[in-house]
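Geometric and topological summary
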Amino acid sequence: MDEIPVKVAVRIRPLLSKEILHNHQVCVRPVPNTQQIIIGKDRVFTFDHVFGKSSTQDDVYSSCIKPLLVSLIEGYNATVFAYGQTGSGKTYTIGGAEEEKGIIPRAIQELFQAISENHNIDFTVKVSYIEVYKEDLRDLLELETNVKDIHIREDEKGNTVIVGAKECQVESADEVMSLLEAGSAVRHTSTTQMNERSSRSHAIFTMSILQQRDANNGATEMISSKFHFVDLAGSERVTKTGNTGERFKESIQINSGLLALGNVISALADPKRKSAHVPYRDAKITRILKDSLGGNANTVMITCISPSTSDFDESLNSLKYSNRAK
Ligand code: ADP
Ligand code: MG
């Protein structure tokens, strides 16, 4: 069987009430009974999964994420990204707990369910939550940590380790949810400037699990694996926001992270990739995810799309970007 290293899902959100109020029209929709999306009059793209305006959070979880959780417990790393312009539904999809539960709360719940059903395995679960902003790492679980004290290292087994970032050991789904909420609050609240920042930074929430069980020969078997949930920076173009100066530099840096990620993903999707160079080192985001992107890891990119005609250009760009992953 041919392994597909990165699966791509596209989710088109419904028009928001304010968009309906301003009489926005829809320019992108799923083609019924296919995995295709049509944008404008006649541009068609095909993906692994397509979700339209009436798809639920549970639809997205069940078809895209549940298989990754199953393989996480089997010992494989997993990564899910939400990609798209600001306002397209990334945070809604990855979840936040405030609204209809997204992917993270569902995965957490299911992990602890599995733990409670496996009495012969001793599970240790740890979570971390970091933000990459202008190529600096910030610990969302421990704000006092200086950005200079957080580093990305690769250990002798090729595992990526974030040195200096707090890892909290957790015993229940509720405990994980409160850490997620606290970290997300740090990211989103306070000034509008912070909101600006949150749309320009990547947030990486990671659950690491260690399983220990007695093997037949009396030894202890240990399996470790991790699941990254990534809410990427807004993919909108610099020109549209009309930024200059410092802001402009910021946008370029963020785009370079998304660019590096796109390059890694298309190198992985290349059938000749055994020989091809995968450029993980080009950005912090790809360095962090190196051991969970490609190889034996399972990756899903969920591209979020606004249906509004006023976002046509960004939506088309997002579909093109996601199309490279195949
Ligand atoms: P982003 O994180 O990409 O900037 P958000 O997740 O904040 O975007 O979504 C923008 C707005 O759209 C929010 O008000 C959110 O509640 C709403 N929204 C996004 N996706 C959906 C969806 N699938 N169904 C209903 N509302 C949605
Ligand atoms: Mg968001």
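Given the structure is predicted, the values throughout are model-derived calculations rather than measurements.

Points about the overall build of the chain
Within the chain one finds ten helices and 14 strands. Put simply, of all contacts in the chain between residues at least 6 apart along the chain, 69% involve residues at least 24 apart. A total of about 16000 Å² of accessible surface is found on the chain, and carbon and sulfur atoms cover 49% of it.

Let's talk about the sheet that holds strand E3 (residues 36-39)
Read across the open sheet, the three strands follow the order E2-E3-E4; overall the sheet is antiparallel. Across the chains shown, the open sheet's two edge strands, defined by having one partner strand only, are strand E2 (28-30) and strand E4 (43-46). For this sheet the average axis-to-axis angle between neighbouring strands, irrespective of direction, equals 25°. Two strands pair when backbone bridges link them, and E3 and E4 are joined in this way by four bridges, in the antiparallel orientation. Bridging from a neighbouring strand, glutamine 36 pairs with threonine 46 of E4.

Some remarks on the nonpolar core
Note on soluble globular proteins: their nonpolar side chains tend to be buried together. Val80, Phe205, Phe227, Phe229 and Ile302 are the most contacted members of the largest nonpolar core, which totals 44 residues. Judged by nonpolar contacts, the second largest core, of 42 residues, contains Phe47, Ala267, Ala283 and Ala325.

Here we look at the pairing of strand E6 (residues 78-83)
With six of its six residues buried, E6 lies for the most part within the structure. Residues Ala78, Val80 and Ala82 point to one face of E6 and Thr79, Phe81 and Tyr83 to the other, with burial holding for every one of them. Bridge analysis of E6 against strand E13 (residues 220-231) gives five bridges, and the strand direction is parallel. The residue of E13 that forms the bridge with threonine 79 is histidine 228. Pairing between E6 and strand E14 (residues 298-305): six bridges, direction parallel.

Description of the confidence of the model for the chain
Note that predicted coordinates carrying low pLDDT should not be read in detail. Here the chain averages 89 in pLDDT, and 88% of its residues register 70 or above. Per-element mean pLDDT across the chain ranges from 50 in helix H7 (residues 238-241) up to 98 in strand E11 (residues 168-170). Interface confidence for the predicted complex, expressed as ipTM, amounts to 0.99; the pTM equals 0.93.

Considerations on the side chain of serine 88
Residue position: serine 88 is located in the loop between E6 and helix H3 (90-94). Using a relative accessible area of 1% as the deciding quantity, one classes serine 88 as buried. There is a polar contact of 2.6 Å between the side chain of serine 88 and the backbone oxygen of glutamine 85. A distance of 3.4 Å separates a polar atom in the side chain of serine 88 from the backbone oxygen of cysteine 304. For serine 88, the contacting residues outside a window of four places in its chain are Arg13, Cys304, Ile305 and Ser306.

Points about the pattern of salt bridges
One pass over the structure, following the stated rule, counts eight salt bridges. Between lysine 226 and aspartate 291 there is a salt bridge, with the nearest N and O atoms lying 2.9 Å from each other. Remark: aspartate 291 occurs in the loop between helix H9 (284-288) and E14 and lysine 226 occurs in strand E13; sequence separation between them is 65 residues. For the pair lysine 226 and aspartate 291, one class covers both residues: buried.

What to know about the environment of glycine 262
Mapped onto the elements, glycine 262 comes out in helix H8 (residues 245-269). Between the alpha carbons of glycine 262 and serine 63 there is a distance of 23 Å; along the sequence they are 199 residues apart. Discounting chain neighbours no more than four positions away, the residues touching glycine 262 are Tyr321 and Arg324.

Overview of the packing of aromatic side chains
Under the criterion given, the structure shown has five aromatic pairs. When the centroid spacing of 4.0 Å and the interplanar angle of 10° are considered together, the rings of tyrosine 83 and tyrosine 321 count as stacked. With tyrosine 83 in strand E6 and tyrosine 321 in helix H10 (residues 312-323), this pair connects stretches of sequence that are 238 residues apart. Accessibility expressed as a relative area gives 5% for tyrosine 83, which makes it buried. Looking at tyrosine 321, the relative accessible area reads 11%, which means it is buried. Arranged with centres 5.2 Å apart and planes meeting at 90°, the rings of tyrosine 129 and phenylalanine 205 form a pair that is edge-to-face. Taken together, the residues span a long stretch of sequence, with tyrosine 129 in strand E7 (residues 122-133) and phenylalanine 205 in strand E12 (residues 202-214) at a distance of 76 residues. Each of the two residues, tyrosine 129 as well as phenylalanine 205, counts as buried. Through a chain of ring-to-ring contacts, three or more aromatic side chains come together here, namely Tyr129, Phe205, Phe227 and Phe229.

What counts as what
Residues numbered from 1 in each chain as written. Chains lettered and ligands numbered in written order. Predicted model: local features only at pLDDT ≥ 70, side-chain atom pairs only at ≥ 80, totals over all residues. Heavy atoms only, no water. Helix = DSSP H or I, 4+ residues; strand = E, 2+ residues; numbered from the N terminus. Contact = heavy atoms within 4.5 Å. Areas by Shrake-Rupley, 256 points an atom, 1.4 Å probe, with all protein chains shown as cover. Pairing = 2+ DSSP bridges. Axes fitted to C-alpha atoms, helices over the stretch in contact; angles between N-to-C directions. Core = buried A, V, L, I, M, F, W, Y, C linked by side-chain atoms within 4.5 Å. Buried < 20%, exposed > 50% of the residue type's maximum accessible area, 1.4 Å probe, protein only. pLDDT = per-residue confidence, 0-100. Polar contact = N/O pair within 3.5 Å; in protein donor to acceptor, adjacent residues only side chain to side chain. Salt bridge = Lys/Arg side-chain N within 4 Å of Asp/Glu carboxyl O. Phe/Tyr/Trp six-rings, centres within 6.5 Å; stacked < 30°, edge-to-face > 60°.

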